[in-house]
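# Architecture at a glance
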Amino acid sequence: MKRIIVIAIALLSACLSSAQAQVTVMNSRQLSVVDTNFAWSSQSKNSAESMPCGGGDIGLNVWVEKGDLLFYISRSGAFDENNTLLKQGRVRLKLSPNPFDPDAEFKQELVLKEGYVRITGKKGNLTTIVKVWVDVFKPIVHLDIKSNQKTMAETGYETWRFEDRITKGKENNQNSYKWAPRGELKTFKDSIAFQQNEVVFFHQNKAQSVFEVTVKQQGLESLTAQLFNPLKDLVFGGSMKGNGMKNAGNYAGVYQGTAYKGWKLKSSQALKSIDIAITLHTARTAFLNQWDADLKKTASGANPAKDFRAATNWWKAYWDRSFIKISSPAEPLATEAARNYTLFRYMLGCNAYGTYPTKFNGGLFTYDPILVDTTLKFSPDFRNWGGGTHTAQNQRLVYWPMLKTGDADLMKPQFDFYKNLVGNAALRSEFYWGHKGASFTEQIENFGLPNPAEYGWKRPGDYDKGMEYNAWLEYEWDTVLEFCMMILETESYAGKNIKEYLPLIESSLTFFDAHYTYLAKQRGSKALDGNGHLVLFPGSAAETYKMTYNATSTIAALKTVLKRALEVPGISVQQQATWKLMLTRIPPITFREIDGHMTIAPAKVWERINNTESPQLYPVFPWGIYGIGRPGLDTAINTFKYDPDVLKFRSHVGWKQDNIFAARLGLTKEAAELTLLKLKDSGRRFPAFWGPGFDWVPDHNHGGSGMIGMQEMLLQTHENKIYLFPAWPKEWDVHFKLHAPQQTIIEAVLKNGKVASLKISPESRRKDVVILLK
């Protein structure tokens, strides 16, 4: 398929080639990737060649196949009884006369600057433009069809959930049961019907769900009434209608091996302008009439012209907030990487206001699984590693880059995920162990309990009921501290008031102090070691080093979060005293010598290696204890260069963080090589649809870690210092705008190895800038 780039600005001087025009600095401003539409000049073979589109909390996969325009609709928070993140359905548009006939001139563009997809078809004297856009502020998908000839339209709402669907084997990886279903599992059918001249569709969760199964499995039935249950009474769906369109009956078919049924609307007369709207609504209510009334209210409040302006203005502001544009004739992959960084950031922006965070394993943009793996002959609802199950080590990589892009508002869904669950997590600790503090496990359900498959159905009778019986996940509960740190950082980066999240931070920290003194007193009479420190045993350094004694990743997390939490204004004297005391009880990081080089050890002692992460470098990222401008940089570099496990595990795939480690350590060559591997074209038609890696397509923790690496190559901070270009090849011309602590914004242009422009807001921070070009 031929891919073309359509330049959406006036041509520059005729003496410049188009490639030169894209990198020319004019008044310290380069042509942004955002000013360039990402475009295709031919139709797609299938949904794997789809293009993302979205806004608010809605994601679409848009493609044109055999003359039909199709798109999947996904929305944040649409969890069924089994905790599968269900798609809302698929829409098919047919036009007559058809501007998308095989012999027609065709163009499909992602208009990045304004956040929508535009599809143009020309055939003879016929020219038709279809805009597919999503209202950022209302859950409405719009099809805006304009033609120079009167056109008839047929639009179909299609679903594979027209009947109950039994899920077997690996298909249950889409839900919370995974490999351990309890009897026969079904994805229950939706309700779909014509109501006058519109199609209404919805899924209403049944009274019993995986929540009740999990509560019973984990012995918490006596607490059921106190536990937060987001699946209860959940109803989600929507309606589809178009101006001048009427009910045209049903149809059926098979797409990518999955049977479906369609509900069709058809134009009552040919028109030059046709508007079709799919309005969505999600609510927790036992009353369908209330859900339906609220749906109609949302639909009636639409003003397409006004709403389109508001949505496109939101996207313009989003792109103005932050960007990275690279030009490197000597290394064209660097330009490609910057483009893909931008395309992935677009995907993140589509869930700005979701009720739930962007999932690491596909976000809102999964498609037919058979096109990812031919053995997976499942419905479009499938994604590996679950829908309502959140794996914290993966999720964090989706959200860390939003600090430097200035997108603190987009982090709220992830922060609220934990805030809403802190009550359930604290109840677990009190029930199982009789102490305070929120116990957040690594694979956690959207109701705050461990995933039931990972918790384990076949457990020794006397095994601790609060623990996951799982070789990968046992004793791993420190990742929540990364989200606590993100919350704390939004205060400095964006001036956010984080008061509502302080109970989450307090409870998360309390757990470690309370639980490890509890465990110590189960073993003997002393709660602390001989130096007055907590004994962090048993522990886990990520999923890799198991049964650890004083895991470095946990120590680094506790030290860093405690120190940062103590800086929050308005903390009570009592809370300060508690945290200061706890800080004195955190043990030191352990070091080891490898071939004459002092390195950071993953822990003081460990029992076995179970995965391929490098938590001995977590003090570098995310915790920033070691790095540029800090003591011990040589020790951290030694760890990167000489630790045999770090070397063996090194990769750019999926959630691997080696590019970030290299950038944080100022290792320009390694950071550049690994980040280019991260952000190179995915091999799919849409270049930011990476994966599956260790997870699924599109792999969002792959994209997130790529973004972090590129940001860290350009900008790092420590205390009051701002380090520019700490791991940046000076041969790569770049224009970037990124955010830093103390509500600082940096915009810089590097041209021919020299800083051509540097804007800093507030200007008072200029004195803190250190340029580290090598």
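Above this text you will find the structure in question.
Keep in mind that what you see is a predicted model, and the values were worked out from it rather than measured.

## Describing the sheet that holds strand β19 (residues 323-327)
Within the open sheet, the four strands sit side by side as β19-β30-β31-β32. Their pairing is antiparallel. Each edge of the open sheet carries a strand with a single partner, namely β19 and β32 (754-761). This sheet shows a mean twist of 15 degrees between the axes of neighbouring strands, independent of strand direction. Two elements, strand β30 (residues 733-740) and strand β31 (residues 744-751), share seven bridges in a ladder whose sense is antiparallel. Bridge assignment links Phe736 to a residue of β31, and that residue is Ala748. Strands in contact with helix α5 (residues 332-349) are β19 and β30; relative to β19, the strand with the most contacts, it is inclined by about 160 degrees.

## With respect to helix α12 (residues 552-565)
Over its 14 residues, α12 runs 20 Å from end to end, which matches the ideal 20 Å to within 8%, given 1.5 Å per residue. Among the 14 residues in α12, twelve count as buried, and that is most of the element.

## What to know about the side chain of Arg685
Inspection of the secondary structure puts Arg685 in the loop between α17 (668-679) and α18 (700-714). A distance of 2.9 Å separates a polar side-chain atom of Arg685 from the backbone oxygen of Ser42. Of note is the side chain of Arg685, whose polar atom sits 3.3 Å from the backbone oxygen of Gln43.

## Overview of the environment of Glu712
Along the chain, Glu712 falls in helix α18. Considering only alpha carbons, one finds Glu712 and Arg664, 48 residues apart in sequence, at a separation of 6.3 Å. With residues up to four places along the chain from it excluded, the contact list for Glu712 reads Lys404, Ile660, Ala663, Arg664 and Pro726. At 2.8 Å, the side chain of Glu712 forms a polar contact with the side chain of Arg664.

## Looking at the sheet that holds strand β29 (residues 721-724)
In space, the three strands of this open sheet follow the order β28-β29-β33, with mixed pairing throughout. Strand pairing shows two members of the sheet lacking a second neighbour, β28 (715-718) and β33 (769-771), which therefore form its edges. Ignoring strand direction, the axes of neighbouring strands in this sheet form an average angle of 25 degrees. With four bridges joining them, β28 and β29 adopt antiparallel strand pairing. Pairing of His718 across the sheet is with Lys721, part of β29. Packing against the sheet, α18 makes contact with β28 and β29, and its axis sits at approximately 70 degrees to β28.

## Quick notes on the layout of surface pockets
A volume near 1000 Å³ is recorded for the largest pocket. Counting only elements with at least two residues in the lining of the largest pocket, the list comes to α7 (401-404), α10 (480-494), α12, α18 and β28. A per-element tally of the lining of the largest pocket places α10 first, with five residues. Of the residues that constitute the lining of the largest pocket, the class distribution is 14 nonpolar, nine polar and eleven charged.

## Regarding unusual backbone geometry
The step from Phe537 to Pro538 runs through a cis peptide bond, and the omega angle for that step is -10 degrees. On the secondary structure map, Pro538 appears in the loop between α11 (502-523) and β22 (539-541). In this model, Phe621 is joined to Pro622 through a cis peptide bond whose omega is 10 degrees. For Pro622, the position within the fold is in the loop between β27 (608-609) and α14 (633-642). Backbone geometry at Gln256 places phi at a positive 50 degrees, although glycine is not the residue there.

## Here we look at the state of the cysteines
Summed over all chains, the structure comprises zero disulfides. Cysteine Cys53 is unpaired, with the sulfur of Cys350 as its nearest cysteine sulfur at 6.7 Å. Taking the relative accessible area as the measure of exposure, Cys53 reaches 0% and is therefore buried.

## A few points about the environment of Lys316
Note that Lys316 resides in helix α4 (residues 304-321). When the C-alpha atoms of Lys316 and Leu112 are compared, they prove to be 8.8 Å apart, with 204 residues separating the residues in sequence. When residues no more than four places from it in sequence are discounted, the contact partners of Lys316 are Lys113 and Glu114.

## Considering the packing of aromatic side chains
Per the stated rule, a full pass over the model turns up 45 aromatic pairs. Summarising the aromatic geometry, the rings of Phe38 and Phe686 are spaced 5.4 Å apart at their centres and angled 80 degrees between planes, so their arrangement reads as edge-to-face. Residue Phe38 is located in strand β2 (residues 36-40), and its partner Phe686 is located in the loop between α17 and α18; the two are separated by 648 residues in the primary sequence. Residue Phe38 shares its accessibility class with Phe686, and that shared class is buried.

Quick notes on the rules
- Residues numbered from 1 in each chain as written.
- Predicted model: local features only at pLDDT ≥ 70, side-chain atom pairs only at ≥ 80, totals over all residues.
- Heavy atoms only, no water.
- Pairing = 2+ DSSP bridges.
- Helix = DSSP H or I, 4+ residues; strand = E, 2+ residues; numbered from the N terminus.
- Axes fitted to C-alpha atoms, helices over the stretch in contact; angles between N-to-C directions.
- Contact = heavy atoms within 4.5 Å.
- Expected span 1.5 Å × (residues − 1).
- Buried < 20%, exposed > 50% of the residue type's maximum accessible area, 1.4 Å probe, protein only.
- Polar contact = N/O pair within 3.5 Å; in protein donor to acceptor, adjacent residues only side chain to side chain.
- 1 Å grid on protein atoms, 1.4 Å probe; cavity = no way out; pocket = protein on both sides within 12 Å on 5 of 7 lines; lining within 4 Å.
- Points joined across faces, edges and corners; volume = space filled by probe spheres on them.
- Nonpolar A, V, L, I, M, F, W, Y, C, P; charged D, E, K, R; others polar.
- Disulfide = S-S within 2.5 Å.
- Phe/Tyr/Trp six-rings, centres within 6.5 Å; stacked < 30°, edge-to-face > 60°.

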